[in-house]
Structures are given as structure tokens and as C-alpha cells.
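# A look at the structure
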There are 2 protein chains.
Amino acid sequence: MLLDFLASLSHRRQMPRTLVALLSALLIVPTVAPGVASAQTPRQSTFHVAEGLRDRALKDGTAWTVLESLTTEIGPRLVGTPAMTRAKDWGLAKFESLGFSNIKVEPFSKSSWVRGAESASITGPYDFPLSILGLGGTVPTPPKGIEAEVVVFPAYADLLAAPKGSLTGKIAVVTQPMTRTQDGSGYGAAGVARRSGPSEAARRGAIAFLTRSISTSDLRSPHTGQTRYADDAPRIPAAALGVPDAELIERLSRRGPVRLRLNLASTTSDKTLAWNISADIQGSTRADEVIVIGGHLDSWDVGTGAIDDASGIAITTAAAKLIGDLPRRPARTIRVVMWGSEESGGSSEAYAKEHKDRMGSFVIAGESDLGADRIYALQLPAGALAAPALADVPALMAPLKIIVSREPAPFAGSDTEGLQQAGVPVLSLRQDASRYFDLHHSPDDTLDKVDPEQLSQNVAAWAALLYVIADSDVDFRALAQASK
Amino acid sequence: MLLDFLASLSHRRQMPRTLVALLSALLIVPTVAPGVASAQTPRQSTFHVAEGLRDRALKDGTAWTVLESLTTEIGPRLVGTPAMTRAKDWGLAKFESLGFSNIKVEPFSKSSWVRGAESASITGPYDFPLSILGLGGTVPTPPKGIEAEVVVFPAYADLLAAPKGSLTGKIAVVTQPMTRTQDGSGYGAAGVARRSGPSEAARRGAIAFLTRSISTSDLRSPHTGQTRYADDAPRIPAAALGVPDAELIERLSRRGPVRLRLNLASTTSDKTLAWNISADIQGSTRADEVIVIGGHLDSWDVGTGAIDDASGIAITTAAAKLIGDLPRRPARTIRVVMWGSEESGGSSEAYAKEHKDRMGSFVIAGESDLGADRIYALQLPAGALAAPALADVPALMAPLKIIVSREPAPFAGSDTEGLQQAGVPVLSLRQDASRYFDLHHSPDDTLDKVDPEQLSQNVAAWAALLYVIADSDVDFRALAQASK
């Protein structure tokens, strides 16, 4: 505040800069170049506030506190479990205590799947207990389990190339590894085995399906994740193997026949209640223009969902809260949505349906759902780089080592897909995913894996960017239209 | 061979060195400095052979083949299980196929402990399944388990400081972390909680004991290991927690009371058969002087014992085999012992007892039992650096980036303790343990964690060093005596 006063003096009263510098030094505050600190033009003022937000965020502990609270006090948050109900109440209380307004609970009904006892063993050539996790949504085995010989496919394409009937009575095992990439694109390439593999194996006669975990780690902790049965294939039990377990089966199968036993149990429900919960930092002058951000509150059941996605909740909540704490709020409203069912789907559709008549009010949407490692690039909607109000964004991001990409954001997150499909422009603050797939969907998705410094870098980027957009009148739809 | 011939020509017939170099070049073999390659003196000849062994070992695949075979074909090898019997047969067949002689099986009887079903959960403030592993030798819980409130000790010293009776009816939880060190000394400092914690907790009234895994990793995979009950304390069930599990209990206990449920089952036997098996590369002229090396064949039950200690078996067997393949064997015998019960103890005493009348024939003993990461230092017995026959050892080790320490070896391995106590001198090729305690005693002790290049560096060091000692008449006992 004092700094602002001194800087404005130097402009309005033409006080010599040396005197300002001297006064600043005497008052033990840093000397600031007047052009940066001044409220001379709205654009300069916005930049100045955003810069302050960014730098405060780097030292602010809100995100860590939120993250620590959710992972410690609630734990895993699978849709359909009592923990998810506790998580919803936690979220509402957290919004309340952090000064949000317009706190809403939007229930929706969906099917749910809850894991039961699971085990698997190699039974031939010798007994060896395997490290496995049933895939989300898998059907159970019969109570006494399934035992059969395996057929190993070192690549998913090998399974697709197998003729119909070639797997009759067998357990199909895909052992394709996943490639580590900064942008997470290795996940799409490898993840298809998990999503579509069970039905592809069943079409060829297999009675169960196992995949090497969709993971970049070399650990035995298996990685779960949703599978999707096709309507035209038998539904067979499906699980993920620890990476060394998959490699052992590969090596044994090169020596001779390998037999496995698999036991999976689960319970399902067609009508489980889930909730999207949201809250606003209300805009000061154009509150009906809403920027939608958030992360998802649900998680898989095996870790404590720290990187997937308590971090996204923590980052976006903390960024909005820092903006809410400003003496003068930006023009537009910032809404944080804690999405209620990302992992098995449903929250995106539910929100889009609930708000289908208000799509025009959504200025832009974004989601933080790739952990808490540092952001390295910002992608805006097509044409947005032409907006004069956003001209300072690269300078705001540069100290955080974030580039502003020339490529428009193709996608913001699973939960904002419904909004995107309804025409809401999206942005993406791209996180370094190099380490993410070592941990996500595994028992090791826990608090200790989050680096507080990188978490803060995320908050800083979101807070600064959101403030600039919220304090502007940039029309992303019009810019996208104009760029065509 | 051709190279030897050319080099010896240059010495014996005074052929000009330029001519040797020219001939070498024409024959497309590398030019060698005559002083290195010549068989002129016994010391030079020994150095030359050792150098060749070292460099061949760096490219040799024997150790990897042995390691892959043991971990793939046998799997975990807990004393008292059928797998250990298969491992013994595997070892005998491996010695046979690699050209060893004097293959021996030395049975001994010991007590054994075999894990049953195990589980644990936080039951308050909410339900959370914990990742645990019973400690080796733990008593079982009653079949319906134990449920009680926990008392958390952030340091083992805090438990020792707790008054008698202060833990009555409670579960003691030690959450002290382990320090990562190159020389593995962090293990001794942290491991006491695992070995002595259960009895210390029981003396203070605790009904069960949990320790954060004695591990340098941040993973949920727990690390087992032997515990030792004191005779004067009640025997209470004891298990290791995954690291994030221990940290969660710590954080929850700062918020209020935490309750746990623990179920451990196991079977024990007082008279299990175990075996030390051994085989020789017989010496050419003084075969009754025996150098004892080896690794241990038994392993914990949760991984496949790749770094602990299939690697030690592979390294020492491969090194001895390379020496056995030489056209002229060294003077002394090299004996590889596959020790039969290191983890729960017994093999060291059994071997010392069996060979108590032959201790004078054991020239020196060493063991490889700290994984397969690179060796960074050699420690010899006290006074050994004064032996002229070992003067070239530093030059042999230098290209492998191994220093020859001025400190004598204090210890060679658990299995050679019996020999050491009976006066047999010991050597230690110290492996980098920085990564070892991330993995050892855990489900992730698997083949993929071994780096083939580092494995080969180990074989190269053992082969070169063994050859020099075996081809010498160094009397380590006399040198130690003289150095006092």
C-alpha cells in the first residue's frame, strides 16, 4: 500500500524519482519502477495487482493447508462410499471458511462401483502371489475365482491382431509399457488397453483380462482406472498388474505355459447420489459473467487422491481465495467447482445439464487435474492472444517459467467437457506430467508426493491469470470466431 | 593370445617397439604397452591376467543370466518354504553347469517362520486400509485381531523414554524416518526400532507394535525384516507400515485419538531344514588354501529377492566362473558359498561349526550382500596394503572407479561372521547403498531394479581381486599380526 502511494506520488506530483527511491529505502520497502507499480492506466493497474497476487501466492500456504486437510481428514473418496459424503461436507465447510459466497450443492444420480476383496496368483509353474488391482467397473469373478492359462501380448496391437476364438478359455495379459512424456500424451496411447482391452479380449474368447498397469513407474503398486465394456462383448473380469508382476509373467511365458488364478469382488449400484459443489468469488461490476475453474473431489479408493485430484481442488480454491481477499475484486465472478464424479464419469454431463440455459454466462472454463507439478505452458482459446487486455499475460507468466503457447487449448479437463461441448471457451495451464503417471490411480497417490513449492507455482499462475481475465471484458467466443 | 606373443617378442628378442605396433595394427589388434602385457615377472603376469578378467567381466553376461534365472524360475525363497528347496536344487544345478567342482550340500536345522494372511486398518476417526507387512518372526494376533488406540513416537528414543505402564492396552507406533547414506549406515541407526522395538513397547504395556518401514523410499510398499524378542518381555505382534501410512497416522494423531485394527497370522516350526551349498574353482598348486566368497540364497517372501541377495549369488558365482574358465588357474582355491539362511540367521553359525577344524585353511572371506549397485571402495584386512603381491590392486580397481580404502574391513557380511569370529580375515567390496534401502525386504525387490552395467562392474571387481589374491601367497593373518 505504501509502495502504491509513493509510486503514485512520483507520477501525479512529478516528485523526482531519486526522492521516491530515497523515501522507499528509508522506509525499508523495495524501490519499484514507476511504470510497473502505478495505477496510471487500467491495464497497468491490472498488471500490478496480478503481479502482487502471483508473488503472494508463491509464499501462501492456503493450497497446502487445503490439500493436507482433504487427504488427512477424509482420505480416499470413491463415489458411492461414505467418504464421498464426508468429502462433500468438507468441501462446503472449506468454501464457507475461506470466504466464498453462493455456495451450492448440485446432486445427480449415477451408477457406482465399490471394490471388494481381490487377489491373484501365478499357480504354475510355481505359486507366486501377484500384485493386482481390479479396474474400475470390472465385473467380479465367481466367488471361487477363475484359473486358466495365460496368453501374453507384449503390445496391445498384438491382442487386436489375434483371431476370433484364439483366446477361448484363456486369460489375456497385455504387457505393453507406457512412455513417459512431459505433456502426458503417453497416457492416451497406453490407456486404451485398460479402457477397451477387456472387451477386445472377450471378443476373442478370453475369460479374464489383465493389463500391465498404465504407469510409468517400475513398481509393484498397481494402478487402477475405469474400464468400459462394449455392449456387444461378454463382460469379463479385468485387473491391472504391478509392473514387475507383468514382466515376470512375460519372462515365465517365454519358458513355458503359465497359469493364473484371479479373484475379484465388487458391489455396484445404479442409483448412487453424487454432487457437484461450487462457490463464487463474486465479481465487482459484471458478476453475471462467470469464469469456471476447479478440480475433482472424488478419487480412486487405493491412495488418498492427493495428486488426483486434491491438488486441483487445493490449487484452484487457493487461487480464487487469494483473489477474494483483494481490497478491490475484479469485474467478473470466479466460480470454483469441486467436481463430484470425474473418475467414473458423470459430473461433466450433470453440470452441463443443470446449467444448459446459462451457458452464455460462462466466459471461460479451466480445470486443474494433472497433479501438482509445475506448470510449463499456458494455452488459451483460439484467437485470445490478439486481445489487448491479455497482452501482459506472457510477462506475468515468464517469472514462473511458463510459456504462453501459440497453440490454442484443445481441452481443459474431463469435467469441463460438457461446458466445452456447449460452446464455452476453455484454457489449459499445462502441468509437467513426467512424474504424474508414476503415482496416479495407485496406492501411492498420497500427500508426501506433492512438492509444496511446485504446488505454489500452480496457485501463482492460476491467481494471476484469473485476475487478468476476470478484470477484463475479453470476449473469447468473439475472438475465436474472428480467428477462423 | 596373439597379443601376448607379440608383447613377449618385444621383450625377449628386443624387436623394435615400432615393429610390434605395426604388426599389431596390421593384425587389427590394439597396441599394448609392453610393460602391461608382458609375462616377464610373476607379478606382471598376474596383473595382466587380472586386467583381462576385469575387462572381460564388464562384457560378460553370466551374472545377469544367473540373476534372471533365480528370480524368474524360483521366485521368493523364504526358509521353510518349498521354494527354498527348489532354490537349493537350482543352486546345485547352476554350480554343475558352470563347471564348478567339489559341489557340497551342508544341511542344518533351524527354526522358521512363514507369513499367513495379514491386514490392518485405521478404524477411527474413519476407516482406512493400511499397507503393512508383519515383521519376520512376529507372533500372530488372535484370529479376530487386535484393536486399540495408538501412541505415536516420532523417534525411537521417544519410545525408550516412555515410562513403564504408559502404553498399557495401546498399540505403539514408531514413525522415525531412515537416513539415506552411501555406506548403508542409516540402516543400523534406524533398524534397531524393528529389531528391539516390539520388546521395548511390550515392557511398557503395549499390546502390539508398528514401525514405519525401515526404508529410504516414500512408498506404501512396506519393508519387512527380522525382529528379535527379548526373553524378559511379552511377545507382542509386530509389523511394518508403508511410509505414507505412518505419516498419515502421525498427522491424524495430532488431531485426536487414532484407533487401529491389526490381524497377523503365521506358522512356525522349530526344526526346519536349511542348507549351505558350496562349490569350488580348485586352485592349481595350493588347492588347500581356500578363499571363501558368496551371497545368500534365501530371501524374504514378498519380492523375488533380486537385490537381496540373488545379486550377490550372481556376482560371486560369475566372478569365480570367469576365473575357472582361465587356461591356467590361480594357485589357491576359490569357494563360492550360497548361504542358506541369512535373513532369519543360522547359516553363518552352521558353516563355522561344520568347518571348525579347517579354519586355518580359509585364507580370507568376503560376501556380496548389498544389492548390485556399483562398488566404490575396497577394504582389505588390517596390514594387507603392505603386501607386495597386492601392490597393483589399486591400479586394477582404478578404472572401475573403486578406491582402495586405508581403513581395514570391519565386516564382510552376516554369513561370514562365524568365520570372522574364528579368526578368518575378511575383505569388503563396498557397494553404493544409496538406493538399496528403497527396495530391500519389500515387494519391489525384483529383477527390473538391477542395473546390468552396475552388476557387471561388481563382477569385474570381484574377479580381478580374487585372481590376484588366489595367485599370491599373501598371509593375511600374519600381516594383521604384524600391523598391530
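Relevant structure appears above.
On a predicted model such as this, the values are computed, not experimentally measured, just so you know.

## Examining the relation of the copies chain B and chain A
Once chain B has been moved 0.0 Å along the axis and rotated by 180°, it coincides with chain A to within an RMSD of 0.0 Å. Look at the turn and shift together and you get a two-fold axis relating the two. Taking the C-alpha atom as reference, chain B places Ser221 of chain B closest to the rotation axis, 3.7 Å from it. When you check the interface residues of chain B against chain A, 100% turn up at the interface there too, and the contact is symmetric in its surfaces.

## Brief notes about the interface of chain B and chain A
Contacts between chain B and chain A engage 19 residues on the former and 19 residues on the latter. Sort the elements by how many residues they give to the side of chain B that touches chain A and helix α9 (residues 243-255) of chain B lands first, with five residues.

## What about the packing of helix α4 (residues 42-57) of chain A against helix α15 (residues 452-470) of chain A?
All names here are of chain A. Closest axis-to-axis distance for the α4/α15 pair is 8 Å, and the angle between their directions is 165°. Considering the angle they form, α4 stands roughly antiparallel to α15. At the point where α4 passes α15, the crossing takes the right-handed sense. For the pair α4 and α15, the contacting residues are Thr46, Val49, Ala50, Leu53, Arg54 and Ala57 in the first and Ser456, Val459, Ala460, Ala463, Ala464, Tyr467 and Val468 in the second. Taken together, the residues of the contact of α4 with α15 sort by class into ten nonpolar, two polar and one charged.

## Let's talk about the packing of helix α5 (residues 62-74) of chain B against helix α10 (residues 306-324) of chain B
Residue and element names in this part refer to chain B. Across the interface, α5 lies against α10 with an axial gap of 8 Å and an inter-helix angle of 140°. On the basis of the axis angle, α5 is oblique to α10. In the packing of α5 onto α10, the handedness of the crossing is right-handed. Each of Thr62, Ala63, Val66, Leu67, Leu70 and Thr71 in α5 lies in contact with α10, whose residues at this interface are Ala306, Ala310, Ser311, Ile313, Ala314, Ile315, Thr317, Ala318 and Lys321. Of the residues contributing to the contact of α5 with α10, the split by class is ten nonpolar, four polar and one charged.

## Focus: the sheet that holds strand β13 (residues 403-404) of chain A
All names here are of chain A. Here three strands make up an open sheet; going across it, the order is β13-β12-β14 and the pairing mixed. The open sheet has two edge strands, β13 and β14 (428-431), and neither has a second partner. Summarising the sheet, strand β12 (residues 375-379) and β13 pair through two bridges and their orientation is parallel. Each residue of the ladder has a partner; that of Leu378, found in β13, is Val404. Relative to β12, α15 is tilted by about 20°, and along the sheet it contacts β12 and β14.

Procedures and definitions
- Along every chain, residues carry numbers that run from 1 in the direction the sequence is written.
- Each chain is given a letter, starting from A, and each ligand a number, starting from 1, according to the order in which they appear as written.
- Local features in this predicted model are restricted to residues of pLDDT 70 or higher, and side-chain atom pairs are both shown and tallied only at a pLDDT of 80 or more, whereas totals for entire chains, interfaces and linings draw on every residue.
- Each copy is superposed on the other by least squares, with the fit set by C-alpha atoms of residues at a pLDDT of at least 70 in both.
- A pair of residues counts as a contact when their C-beta atoms, built from backbone coordinates, are separated by no more than 7 Å.
- Counting from the N terminus, the helices are DSSP H or I runs at least four residues long and the strands are E runs at least two residues long.
- A fitted line through C-alpha atoms serves as each axis, taken over the contacting stretch for helices, and the angle formed by two N-to-C directions is quoted from 0 to 180°.
- Convention used here: angles under 35 degrees read as roughly parallel, angles over 145 as roughly antiparallel, angles from 65 to 115 as roughly perpendicular, and any remaining angle as oblique.
- Crossing handedness is defined as follows: a turn of the near helix away from the far one that is anticlockwise and smaller than a right angle gives a left-handed crossing, while the clockwise case is right-handed.
- Three categories are distinguished: nonpolar for Ala, Val, Leu, Ile, Met, Phe, Trp, Tyr, Cys and Pro, charged for Asp, Glu, Lys and Arg, and polar for the others, with Gly belonging to the last.
- Between any two strands, pairing holds if DSSP finds at least two bridges.

Coordinates in, geometry out; function isn't part of it.
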